[in-house]
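The primary structure of each chain is shown beneath.
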Amino acid sequence: MRSRHEVAVVGAGLVGCLTACYLARRGYEVTLYERRPDPREAAPERGRSINLAISERGIDALRRVGLDEVVMKAALPMPGRMMHAPDGTLSFQHYSADGLRSINSISRSDLNRTLLDAALAMPGVRACFEHRLTGLDVDSGRMDFETPDGPATASAPVVLAADGAYSAVRGRLQFLPGFGFSQEYLDYGYKELTIPARDGEYALDPGALHIWPRGQAMMIALPNPDRSFTCTLFWPKSGPGSFEALDTVERFEEFFAANYADAHALMPDLADDYAHNPIGHLVTMRTDPWQVRGARAVVGLLGDAAHAIVPFYGQGANCGFEDCVELDRCLEETGDDFPEALARYGSRRKEHADTIAELALTNFVEMRDKVASRSFLLRKRLEHGLERLLPGRYVSRYELVSFSTMPYAEVQRRITRQNVAVAAGALGALAAAVAVTARLARRR
Ligand SMILES: Cc1cc2nc3c(=O)[nH]c(=O)nc-3n(C[C@H](O)[C@H](O)[C@H](O)COP(=O)(O)OP(=O)(O)OC[C@H]3O[C@@H](n4cnc5c(N)ncnc54)[C@H](O)[C@@H]3O)c2cc1C
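Residues numbered from 1 in each chain as written. Predicted model: local features only at pLDDT ≥ 70, side-chain atom pairs only at ≥ 80, totals over all residues. Heavy atoms only, no water.

For the protein, the name recorded in an unreviewed UniProt entry is Kynurenine 3-monooxygenase, with Streptosporangium carneum as its organism. UniProt's Sequence similarities (unreviewed entry) comment on the protein is quoted here verbatim: "Belongs to the aromatic-ring hydroxylase family. KMO subfamily." The record in UniProt for the protein states the following under Catalytic activity (unreviewed entry): "L-kynurenine + NADPH + O2 + H(+) = 3-hydroxy-L-kynurenine + NADP(+) + H2O". (UniProt positions renumbered as here; feature names shortened; annotations may be inferred.)

This is how it looks when you write it as structure tokens:
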């Protein structure tokens, strides 16, 4: 390897910028290569997930490099979910048993700008914007870019891919023997809509993530600091009530008004949003391994480039931020032996990324369908009751995922143990009740 101090990070999105902060703190010279212009000078792309929910895992990763306060200053806490029934009836549920913990709505572009500013303020970090990676030689670490001034090349002994779900770096690795990759698309797409401020105020309660569960489809809304809400429609791509079927503004608006009446009344720009905002795809991507070693370079994958997941647990960026923490830990453990650290990082993170990918898929069914049912509300009340009755011993899956940093696969193992214990406790209580009833019957 030429120098252990040079790292190229491809992609200056959320994970790329945070990775640069972590590496600069360890003394690396980091160059961020980003296909877009400097986001601090350009407007955000239309319809590209305007805001997202950050929870404990993401905040923990930010805290470790001293960025939690600056980021959270701009965040809006959402301590629960507000369900909107078709007749406009509202029901609110806290996310945590104590009602105190929140997930946090944050602007994607503000977060990206904050992280980029933080990275570029650190010694040794520089960024090359309008550099789209088009080629990579894994053996030498040579990268080819398209830039407004024509083709460019650069090389580094360590190349980290943080270039998102459709990663160009990963695209190169996919040609290598032994590199595993899979992608699964949902038959659903998403489209962003807006509920603007009404008379300068929020048109809905800003202290909640709003959900319009409609069985086979749903809409959610998260508050923004400018008092608007960004709504995301998750609809089937084809069939009744789909993007394909509702292909004119008139058909769409008629259907929307009938099924989301309370929201419709708050959306003066609906027709324009519908016509101009693109339909996004929902994909789960898995890779294995997360790193490839060449003769003179090593390439690693972080964030969506390694594990794109569907957004229904609000964990994609949180999980990507955890990647930065784990890579940093592995560098520490290996004395900054980058190839060894990347191998360790990949083998540790893979299981957890696979778990949250599955949980996110399952949560889609829960959000669009089950949250509206009485049995779901009862189960949540029961869960919160158990959490209060057995503090620290019974904790719901949602709380462990959103309000802790317990690795995702451990969360699943713990939930399985808890469910067995609760079932055994319930059976024990039932057996005791049957015994008492039988004793009383004998006495009579
Ligand atoms: C609708 C929706 C809602 C979501 N909501 C949440 C949520 O509530 N909470 C949450 O935690 N996560 C959420 N996510 C997931 C989250 O957006 C991603 O997990 C996160 O953005 C991943 O960050 P990243 O840096 O890995 O990739 P990205 O954010 O995609 O950044 C990749 C960067 O690489 C650049 N790039 C791409 N190709 C190249 C190239 N060839 N050369 C150079 N640069 C390149 C891109 O321009 C971009 O800047 C949501 C996702 C969607 C789609």
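Picking up where we left off.
Q: Explain the site of the ligand to me, please; I cannot follow it from the model alone.
A: Taken together, 31 residues sit near the ligand, with Glu34, Arg36, Ala53, Arg108 and Asp304 positioned nearest. Note that an oxygen atom of the ligand is positioned 2.4 Å from one of the side-chain N or O atoms of Arg108. Its free accessible area being 1000 Å², the ligand has 90% of it covered by the protein chains. For the shell around the ligand, the secondary structure elements donating two or more residues are α1 (14–25), β3 (51–54), β9 (132–137) and α10 (316–333). Per-element accounting of the shell around the ligand gives the leading share, three residues, to α10. For the shell around the ligand, the per-class residue count stands at 13 nonpolar, 10 polar and eight charged. (Near = heavy atom within 4 Å. Polar contact = N/O pair within 3.5 Å; in protein donor to acceptor, adjacent residues only side chain to side chain. Areas by Shrake-Rupley, 256 points an atom, 1.4 Å probe, with all protein chains shown as cover. Helix = DSSP H or I, 4+ residues; strand = E, 2+ residues; numbered from the N terminus. Nonpolar A, V, L, I, M, F, W, Y, C, P; charged D, E, K, R; others polar.)

Q: What is the right way to look at the sheet that holds β3 in this model?
A: Spatial ordering of the open sheet is given by β3-β7-β4, a layout of three strands whose pairing is antiparallel. This sheet does not close on itself; its edge strands, each paired only once, are β3 and β4 (76–78). For this sheet, the mean inter-axis angle between neighbouring strands, taken without regard to orientation, is 35°. (Pairing = 2+ DSSP bridges. Axes fitted to C-alpha atoms, helices over the stretch in contact; angles between N-to-C directions.)

Q: What's the story with the packing of helix α2 (residues 56–63) against α10 in this structure? I'm lost.
A: When two helices pack together, their arrangement is given by the angle between the helix axes and by the axis-to-axis distance. Where α2 contacts α10, the axes come no closer than 8 Å and their chain directions differ by 35°. Between α2 and α10 the crossing geometry is left-handed. Residues Arg57, Gly58, Ala61 and Leu62 of α2 lie in contact with α10, whose contacting residues are Asn318, Phe321, Glu322 and Val325. Here the contact of α2 with α10 is built from residues that sort into four nonpolar, two polar and two charged. (Left-handed = near helix turned anticlockwise from the far one by under 90°. Contact = heavy atoms within 4.5 Å.)

Q: When you look at the nonpolar core in this model, what are you seeing that I'm missing?
A: For soluble globular proteins, nonpolar side chains are generally found buried alongside one another. Membership of the largest hydrophobic core comes to 71 residues, with the highest contact counts inside it found for Leu18, Leu23, Leu111, Met143, Leu160, Phe321 and Phe338. Examining the composition of this core, we find that nine residues originate from one element, α1, more than from any other. When residues no more than four places from it in sequence are discounted, the contact partners of Leu111 are Leu14, Leu52, Ile54, Val71, Ile106 and Phe321. Counting 37 residues, the second-largest nonpolar core is a separate cluster that includes Leu186, Val310, Phe364 and Tyr408. (Core = buried A, V, L, I, M, F, W, Y, C linked by side-chain atoms within 4.5 Å. Buried < 20%, exposed > 50% of the residue type's maximum accessible area, 1.4 Å probe, protein only.)

Q: Would you explain the environment of Ala165 in this entry?
A: Structurally, Ala165 is set in the loop between β12 (158–161) and α5 (168–173). Sequence-wise, Ala165 and Arg286 are 121 residues apart; in three dimensions their C-alpha atoms are separated by 9.9 Å. Setting aside anything within four residues of it in sequence, one finds Ala165 in contact with Arg170, Met285, Asp304, Ala305 and Ala308.

Q: Would you take a moment to explain the packing of aromatic side chains for this structure?
A: We describe a pair of aromatic rings using the distance from one ring centre to the other and the angle between the two ring planes. The full count for this structure, using the stated rule, is 19 aromatic pairs. Centroid distance Phe234 to Phe312: 4.8 Å. Interplanar angle 70°. Geometry classified as edge-to-face. Separated by 78 residues along the polypeptide, Phe234 in strand β16 (residues 229–236) and Phe312 in the loop between α9 (304–307) and α10 bring together distant segments of the chain. The rings of Trp235, Phe243, Phe252, Phe255, Phe256, Tyr260 and Tyr274 are connected pair by pair, giving a single aromatic cluster. Of note, Arg81 hangs over the ring of Tyr398, and the distance from its end group to the ring centre comes to 5.6 Å. Taking the ring centre of Phe364 as reference, the NZ or CZ of Arg368 above it sits at 4.7 Å. (Phe/Tyr/Trp six-rings, centres within 6.5 Å; stacked < 30°, edge-to-face > 60°. Lys NZ or Arg CZ within 6 Å of the ring centre and 35° of its normal.)

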